[in-house]
Amino acid sequence: MSNFPFLSVLTVAPLVGALVVAFLPRHRPELAKQVAFAWSLLVLVLSVVMWVSFNAGGDRFQFRESYSWIPNWGVSFTFAADGIALVMLMLIAVLVPLVILASWHDAESSKRSVPVYFALLLVLECTMIGVFAAADVFLFYVFFEVMLVPMYFLIGSYGGHQRQYAAVKFFLYSLVGGLFMLAAVIGLWVVGGKTFDWQALSQVDISTGTERWLFLGFFLAFAIKAPFFPFHTWLPDAGGAAPAGAAALLVGVLDKVGTFGILRYCLPLFPEASKWFAPWALALGVIGIVYAALLAVGQNDLKRLVSYTSIAHFGFIGVGIFAFTTQAGTGAVLYMLNHGLATGLLFLVVGMLISRRASSLISDFGGAGKLVPVLAGVLFFAGLASLALPGTAPFISEFLVLIGTFTVNKPVAVIATLGIILAAAYVLWMVQRTTQGTLNPALTEVDGMRRDLNLREKVVVAPLIALIVLLGFFPKPVTDVINPAVQATMDDIGRTDPAPSVGGTVQEAAK
């Protein structure tokens with residue numbers, strides 16, 4: 001199966017499914033849902049086969065395909081996946097079917113076309129797969145920009161309060177970041193011998209000044225997409241207005257394009273500039289951890305609270321990337337996966353709670369666990385996973401990031417640790433105010449609050465809970481895939497891990 005064109009098929013398949021779903025009759029919404037779900041399962045099956053076919057000890061980039069596109073510009077449809085990309089592709093394949101199931105009635109409640117809603121989810125899956133699979137810089141840029149379109153319509157047409165404002169803000173922020181990247185992509189093409197092929201560009205020797213400007217163009221686009229402080233203000237609005245399923249993909253996958261782009265493009269293509277900008281990136285990471293956590297504590301809107309927690313988590317990922325150790329780097333990539341699982345679960349469960357109460361305000365709840373105990377229990381579990389409780393997958397990620405950072409930069413690691421304490425505060429406060437304590441009498445008058453999780457909703461949350469627990473105790477199958485790619489990235493920038501001295505202190509071998 002190693003010669004099978006996995007990446008191109010995985011990219012095209014959801015787009016074909018989207019076209020099929022979009023043209024189904026509007027008066028048969030159930031058929032559109034069933035076809036979309038079946039198509040997403042097909043993508044999942046292909047992704048699992050690709051995962052099994054991947055040789056963790058083999059070449060850095062596997063499943064490589066290349067098809068000529070614009071020869072005069074040196075542009076081609078080139079796809080390839082290393083361990084980092086493979087993990088993100090599996091995350092997409094797992095989340096999309098669960099989001100489709102969780103969103104079964106979202107389009108109907110918005111009184112808009114059901115087939116179009118599920119077609120947009122499949123188009124979004126196509127662009128997300130494409131952006132992680134691209135091995136041509138221009139192709140990556142195309143997917144990076146096109147990915148905005150389906151999410152814009154999902155927020156603007158099917159979202160909640162202030163959806164149009166949130167959709168436009170999301171689009172403009174991302175578009176501005178894309179313009180910075182476009183300028184850098186053109187500059188890279190000029191200095192790189194008029195090619196967009198990643199492997200060829202990684203061998204190009206670029207002058208120091210030019211390299212720093214090109215790095216900055218890419219980094220700004222990725223920092224906005226992630227988002228890192230202070231480019232984060234679009235996320236609480238978009239996450240708060242988007243349907244819960246779309247918000248789970250926005251925070252669980254789309255934002256990872258920013259951190260993935262830094263690992264795939266900024267570090268290997270601009271190694272000296274990456275090291276020069278690293279102190280600034282670390283500073284932004286630790287500020288984001290503390291600042292976003294403090295803002296999360298003060299939120300009264302459930303979806304905005306979860307969005308702010310994600311900004312804090314992206315601070316940890318940024319710290320792990322720019323610590324330049326394999327431990328921290330592996331932790332950062334693992335955090336990208338585990339954050340997608342934990343925050344995806346949290347957003348979906350919050351969406352289920354909001355749909356029952358018809359309100360996202362925490363103050364409108366109180367003691368809901370007495371009416372919906374199973375849902376309350378899942379919310380509590382998702383919150384504990386989000387705060388990285390030992391035994392859950394995010395704990396492994398956070399631990400690796402902190403210990404890998406501590407060996408080279410103790411102040412950053414110590415400050416970042418404050419985020420753990422603040423995470424406990426905002427998560428436990430959210431759970432206590434929504435599902436614990438005295439029952440709010442108003443809840444007993446709401447018909448939806450008398451319905452606990454149904455079979456469909458249990459099918460949505462069960463796989464995510466199982467993965468979070470499994471990877472919390474046995475992350476080796478994933479770290480075995482991630483480690484070679486992270487080590488290769490550290491080699492690209494000329495960094496090696498610090499080695500312990502005879503006396504037990506740590507010396508920075510990289511220096």
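In what follows, the structure referred to is the one given above.
So, here's what we can say about the structure. Keep in mind that what you see is a predicted model, and the values were worked out from it rather than measured.

## Thoughts on the overall build of the protein
Thought 1: Per the secondary structure count, the protein includes 21 helices and four strands.
Thought 2: In summary, the protein has a C-alpha radius of gyration of 22 Å against a globular reference of 24 Å for 511 residues, a match within 12%.
Thought 3: Taken across its 511 residues, the protein has 60% of its residues classed as buried.
Thought 4: A separation of at least 24 residues holds for 80% of the contacts in the protein among residues at least 6 apart in sequence.
Thought 5: By element, 66% of the accessible surface of the protein is carried by carbon and sulfur atoms, the whole surface being about 18700 Å².
Thought 6: Looking at the protein, you have 29 positive and 27 negative side-chain charges, and the mean spots of the two groups are 8 Å apart.

## So, the packing of aromatic side chains
Thought 1: Within the structure shown, the criterion is met by 31 aromatic pairs.
Thought 2: Where Phe6 meets Phe63, the ring centres are 5.4 Å apart and the plane angle is 75 degrees; that geometry is what we call edge-to-face. In this pair, Phe6 sits in helix α1 (residues 6-22) while Phe63 sits in strand β1 (residues 62-70), placing the two residues 57 residues apart along the sequence. Pair check on accessibility: Phe6 and Phe63 agree, each one buried.
Thought 3: Here a set of aromatic residues connected by ring pairs shows up, and it is made of Trp69, Trp73, Phe77, Phe138, Trp189 and Phe196.
Thought 4: One cation-aromatic arrangement involves Lys225 over Phe144; the distance from NZ or CZ to the ring centre is 4.8 Å.
Thought 5: For Lys410, the ring lying beneath its charged end belongs to Phe406, and the centroid distance is 5.2 Å.

## What to know about the side chain of His313
Thought 1: With respect to the helices and strands, His313 occurs in helix α15 (residues 302-322).
Thought 2: Its relative accessible area of 3% is what places His313 among the buried residues.
Thought 3: Excluding anything up to four places from it in sequence, His313 contacts Tyr335, His339, Thr343, Ser386 and Tyr426.

## So, the packing of α15 against helix α16 (residues 326-357)
Thought 1: At a minimum axis separation of 9 Å, α15 and α16 run at an interaxial angle of 175 degrees. In this view, α15 runs roughly antiparallel relative to α16, as classed from their interaxial angle. Seen from α15, the contacting residues are Leu302, Lys303, Val306, Ser307, Ser310, His313, Phe314, Phe316, Ile317, Gly320 and Ile321; seen from α16, they are Ala328, Gly329, Ala332, Tyr335, Met336, His339, Thr343, Leu346, Phe347, Val350, Leu353 and Ile354.
Thought 2: Considered class by class, the residues forming the contact of α15 with α16 number 15 nonpolar, seven polar and one charged.

Conventions and cut-offs
Residues numbered from 1 in each chain as written. Predicted model: local features only at pLDDT ≥ 70, side-chain atom pairs only at ≥ 80, totals over all residues. Heavy atoms only, no water. Helix = DSSP H or I, 4+ residues; strand = E, 2+ residues; numbered from the N terminus. Rg over C-alpha atoms; globule rule 2.2 N^0.38 Å. Buried < 20%, exposed > 50% of the residue type's maximum accessible area, 1.4 Å probe, protein only. Contact = heavy atoms within 4.5 Å. Areas by Shrake-Rupley, 256 points an atom, 1.4 Å probe, with all protein chains shown as cover. Lys, Arg positive; Asp, Glu negative; His and termini not counted. Charge placed at Lys NZ, Arg CZ, Asp CG, Glu CD. Phe/Tyr/Trp six-rings, centres within 6.5 Å; stacked < 30°, edge-to-face > 60°. Lys NZ or Arg CZ within 6 Å of the ring centre and 35° of its normal. Axes fitted to C-alpha atoms, helices over the stretch in contact; angles between N-to-C directions. Parallel < 35°, antiparallel > 145°, perpendicular 65-115°, else oblique. Nonpolar A, V, L, I, M, F, W, Y, C, P; charged D, E, K, R; others polar.

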